[in-house]
Amino acid sequence: MGFARTCSVALVGVEGVVVEVQADLEPGIAAFTLVGLPDKSLVESRDRVRAAVVNSGADWPQKKLTVGLSPASVPKGGSGFDLAVACAVLGAAERIDPRVLADIVMIGELGLDGRVRPVRGVLPAVLAAAGAGYEQVVVPECTVGEATLVPGVSVLGVRSLRQLIAVLTDEPVPDEDPDERGRPDPMLSGLSIPGSGAGMGLGGPSHEGHGLDLSDVVGQMSARTAIEVAAAGGHHVMLSGPPGAGKTMLAERLPAVLPPLTRQESLEVTAIHSVAGILPPGTSMIDTAPYCAPHHSATMQSLVGGGPGVARPGAVSLSHRGVLFLDEAPEFSGRALDALRQPLEAGHVVIARSAGVVRLPARFLLALAANPCPCGQYRALGGECDCPPATVRRYQARLSGPLLDRVDLRVEVDAVTRNELAGHGPRGESTQVVADRVRAARERAVARFAETPWRTNSEVPGHALRTRWPAAPGALDEAELDLERGFLTARGLDRILRVAWTVADLAGRDRPFAQDVALALQLRTGISRGVPMTIGAGS
């Protein structure tokens, strides 16, 4: 009887669970049994592993073989267990010393020819292995860059099972036959899963090298101020106005205004994209804010996450630490929009399925764009709207009150005039100028919240903001009056205070004054409060 064990990782959402892969050989009729709550793709690994072992020059044991995945109560899926199963079988057959395998975590899919193919979720898998105390990890060669992002772990990248067997048995490592010139590298296929994110607009125009700049937007000074405040404080923003006014242009330029991601944020974003199977080939770490713009026909599951079995990340998680842009927001289904309430408030989404409960990070900046009516010409200067009043009301009511109450900034975007298009009006600032001001405001907020778990004004609970960092005396008088009149909810008052702190950070003030609160009210309600819609020390 032979026995060997090694380890791999099962992904539950964006978190990994270390799984012990055990192989046992007993005399009897040759059979291969896989136990431990595997799914269909994992059950099929029996045929892949057998073919890979034989084509790698090793003998397949002609005995009764049982492979167990422990803990058996954790659902396991995917092809990333192939490498661990093959090595455990070879260890039980004494082709590899079982003692060498015991403390190694192996992640990778096997081709029938023995090649080691990449799988999704390498980064969170290695993070889980490091958290469990393992120091040696084996991954496909083309994902070494992703795995080495985790400190304190020795990473071995292999291109085939033959190479791994040679390394573990101290034999000469064979060279793989080079691919034919001009043919694509088959190892890179599998790093991206079709349908996982390409249709969601992931990556965004600002990340495709087209040189989009805020200075390209003509006019719209109020909307530009709202974009700057949203980026500086992490506030959600809604832009409403007629078609062609520049709402989409402003939203597309929002990610470039956001500051670069910190290392911890980069690890979070990269792990999510790796699990989703949309990490671009050759990319080791994502250091810029992601941008996701799903089509208005997107389902609730594609927005918040879901799918068969263990839930997969949706658009709210793919835009974690970045921007989720919903163009033509009233055209989205009401169920899909209302499903955004929890992640908007909590910064994460909890999805319960029969296979388990998954908690996915979802701290994103929501940008909504909406027309005032189905034809888009309602209240437009010179426009002729043919929509009946009842139709306009129904269209605008598609965005529910509880959802809009979570949106800090609501700005009317007017149609561009002839003089503005001709360049006679003032030109707006470039992305670089605005981004520098946003970065300085973020640094002030980080310094203020240094001893807390928060980093932006939008994350701070209202009670803490009112008690620990009060505004200037009398600054909130007008906002509290709106609360008494019923124009603001208690949540709305807290959000006004958060926006006022962001305005003060952008203006370089140590706390919000009455003009900062007035600008915050103006940005939220759209009602003029007698202050200019600009940011600056003299505003």
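Keep in mind that what you see is a predicted model, and the values were worked out from it rather than measured.

Asker: Account for the sheet that holds strand E15 (residues 365–370), naming residues and giving values.
Answerer: With parallel pairing, five strands are arranged side by side in an open sheet as E11-E12-E15-E10-E16. On the outer flanks of this sheet lie strand E11 (291–292) and strand E16 (409–412), each paired with one strand and no other. Pairing between strand E12 (residues 323–326) and E15: four bridges, direction parallel. Bridging across to E15, Phe 325 finds its partner in Ala 367. Strand contacts of helix H8 (residues 221–233): strand E10 (237–240), E15 and E16, with the helix running at about 165 degrees to E16, the strand carrying the most contacts.

Asker: Describe in detail the pairing of strand E4 (residues 64–70), supporting the description with residues and values.
Answerer: For strand E2 (residues 15–26) and E4, the ladder comprises seven bridges, and the chain directions are antiparallel. Paired with Glu 26 across the strands is Lys 64, a residue of E4. Across five bridges, strand E3 (residues 31–35) lies against E4 in parallel orientation. In the strand pairing of E4, Leu 34 is matched with Val 67.

Asker: For the packing of aromatic side chains, give the residues involved together with the corresponding values.
Answerer: The tally for this structure, following the rule as stated, stands at four aromatic pairs. Consider the rings of Phe 32 and Trp 60, whose centres lie 5.6 Å apart with planes at 45 degrees: the pair is tilted. Taken as a pair, Phe 32 in strand E3 and Trp 60 in the loop between helix H2 (45–55) and E4 lie far apart in primary sequence, 28 residues in all. A ring pair is formed by Trp 454 and Trp 469, whose centres lie 6.4 Å apart and whose planes are at 80 degrees; its orientation type is edge-to-face. Residue Trp 454 is located in the loop between helix H18 (431–448) and helix H19 (462–468), and its partner Trp 469 is located in the loop between H19 and helix H20 (477–485); the two are separated by 15 residues in the primary sequence. For the pair Trp 454 and Trp 469, one class covers both residues: buried. An aromatic cluster of three or more residues is present, and its members are Phe 449, Trp 454 and Trp 469. Between the NZ or CZ atom of Arg 448 and the centre of the ring of Phe 449, over which it lies, the distance is 4.8 Å.

Asker: Run through the pairing of strand E8 (residues 136–140), naming residues and quoting values.
Answerer: Most of E8 is tucked away: four of the five residues are buried. Bridge count for E8 against strand E9 (residues 154–158) is five bridges, and the pairing is parallel. Residue pairing across strands places Val 138 opposite Leu 156, the latter belonging to E9.

Asker: Which residues make up the side chain of His 320, and what values do they have?
Answerer: With respect to the helices and strands, His 320 occurs in the loop between helix H12 (315–318) and E12. For His 320, the side chain forms a polar contact with the side chain of Arg 321, separated by 3.4 Å. For His 320, the contacting residues outside a window of four places in its chain are Glu 268, Val 269, Ile 272, Pro 290, Pro 361, Ala 362 and Arg 363.

Asker: I'd love a proper account of the packing of helix H5 (residues 122–131) against helix H10 (residues 263–276), names of residues and values included.
Answerer: Closest axis-to-axis distance for the H5/H10 pair is 7 Å, and the angle between their directions is 120 degrees. If you check the angle between H5 and H10, you find them oblique. Facing H5, whose interface residues are Val 122, Leu 123 and Pro 124, H10 presents Leu 267, Thr 270, Ala 271, Ser 274 and Val 275. Classifying every residue of the contact of H5 with H10 by side-chain character gives six nonpolar, two polar and no charged.

Asker: So what's going on with unusual backbone geometry? Which residues, and what values?
Answerer: With omega at 5 degrees, the peptide bond leading from Ser 70 into Pro 71 counts as cis. Mapped onto the fold, Pro 71 is located in the loop between E4 and helix H3 (82–92). Positioned with a positive phi, Arg 321 is a non-glycine residue whose angle comes to about 65 degrees. Within the secondary structure layout, Arg 321 lies in the loop between H12 and E12. Backbone geometry at Glu 328 places phi at a positive 55 degrees, although glycine is not the residue there.

Asker: Give a detailed account of the pattern of salt bridges, specifying residues and quantitative values.
Answerer: Across all of its chains, the model carries 26 salt bridges by this definition. A salt bridge links Arg 398 to Glu 331, with the nearest nitrogen and oxygen atoms 3.6 Å apart. Placement of Arg 398 in the loop between helix H15 (389–396) and helix H16 (401–405) and of Glu 331 in the loop between E12 and helix H13 (334–338) is noted, with a sequence separation of 67 residues between them. By relative accessible area, Glu 331 is classed as partly exposed at 35%. Across the pair Glu 429 and Arg 437 runs a salt bridge, and its minimum N-O distance is 2.6 Å. Classification of Glu 429 as partly exposed rests on a relative accessible area of 35%. By relative accessible area, Arg 437 is classed as partly exposed at 23%.

Asker: Tell me about helix H21 (residues 490–507), and please be specific about residues and values.
Answerer: An α-helical turn contains 3.6 residues, so any two residues separated by three or four positions project in the same direction. Look at H21: 26 Å from first C-alpha to last across 18 residues, which is about the 26 Å you get at 1.5 Å a residue. Among the residues trailing H21, Gly 508 stands out with phi positive, at a value near 85 degrees.

Asker: Let's hear about H10: which residues, and what values?
Answerer: In a regular helix each residue adds 1.5 Å, so 14 residues correspond to 20 Å; H10 covers 20 Å between its end C-alpha atoms and thus fits that length. With 11 of its 14 residues buried, H10 lies for the most part within the structure. Listed in full, the buried residues belonging to H10 are Glu 265, Ser 266, Leu 267, Val 269, Thr 270, Ala 271, Ile 272, His 273, Ser 274, Val 275 and Ala 276. On its buried face, H10 sits against strand E1 (2–12), H5, helix H6 (144–147), H12 and strand E14 (356–361). Positioned one or two residues after H10, Gly 277 has a phi angle of 80 degrees, which is positive.

Asker: If you had to explain the nonpolar core to someone new, which residues and values would you point to?
Answerer: Core analysis: the biggest nonpolar cluster contains 60 residues, and Val 229, Val 237, Leu 239, Leu 409, Trp 469, Val 517 and Leu 523 have the highest contact counts within it. Ranked by residues supplied to this core, first place goes to H21 with eight residues.

Asker: Explain the packing of H8 against H21 to me, and be specific about the residues and the numbers.
Answerer: For the pair H8 and H21, interaxial distance at closest approach is 9 Å and the crossing angle is 100 degrees. Here H21 runs roughly perpendicular to H8, going by the angle between their axes. Where H8 approaches H21, its residues Glu 228, Val 229, Ala 232 and Gly 233 are matched on the opposing element by Val 499, Thr 502, Val 503 and Leu 506. Residues of the contact of H8 with H21, tallied by class, amount to five nonpolar, two polar and one charged.

Basis of the calculations
- Residues numbered from 1 in each chain as written.
- Predicted model: local features only at pLDDT ≥ 70, side-chain atom pairs only at ≥ 80, totals over all residues.
- Heavy atoms only, no water.
- Pairing = 2+ DSSP bridges.
- Helix = DSSP H or I, 4+ residues; strand = E, 2+ residues; numbered from the N terminus.
- Contact = heavy atoms within 4.5 Å.
- Axes fitted to C-alpha atoms, helices over the stretch in contact; angles between N-to-C directions.
- Phe/Tyr/Trp six-rings, centres within 6.5 Å; stacked < 30°, edge-to-face > 60°.
- Buried < 20%, exposed > 50% of the residue type's maximum accessible area, 1.4 Å probe, protein only.
- Lys NZ or Arg CZ within 6 Å of the ring centre and 35° of its normal.
- Polar contact = N/O pair within 3.5 Å; in protein donor to acceptor, adjacent residues only side chain to side chain.
- Parallel < 35°, antiparallel > 145°, perpendicular 65-115°, else oblique.
- Nonpolar A, V, L, I, M, F, W, Y, C, P; charged D, E, K, R; others polar.
- Salt bridge = Lys/Arg side-chain N within 4 Å of Asp/Glu carboxyl O.
- Expected span 1.5 Å × (residues − 1).
- Core = buried A, V, L, I, M, F, W, Y, C linked by side-chain atoms within 4.5 Å.

Everything listed here is a matter of geometry and, on its own, says nothing about what the molecule does.
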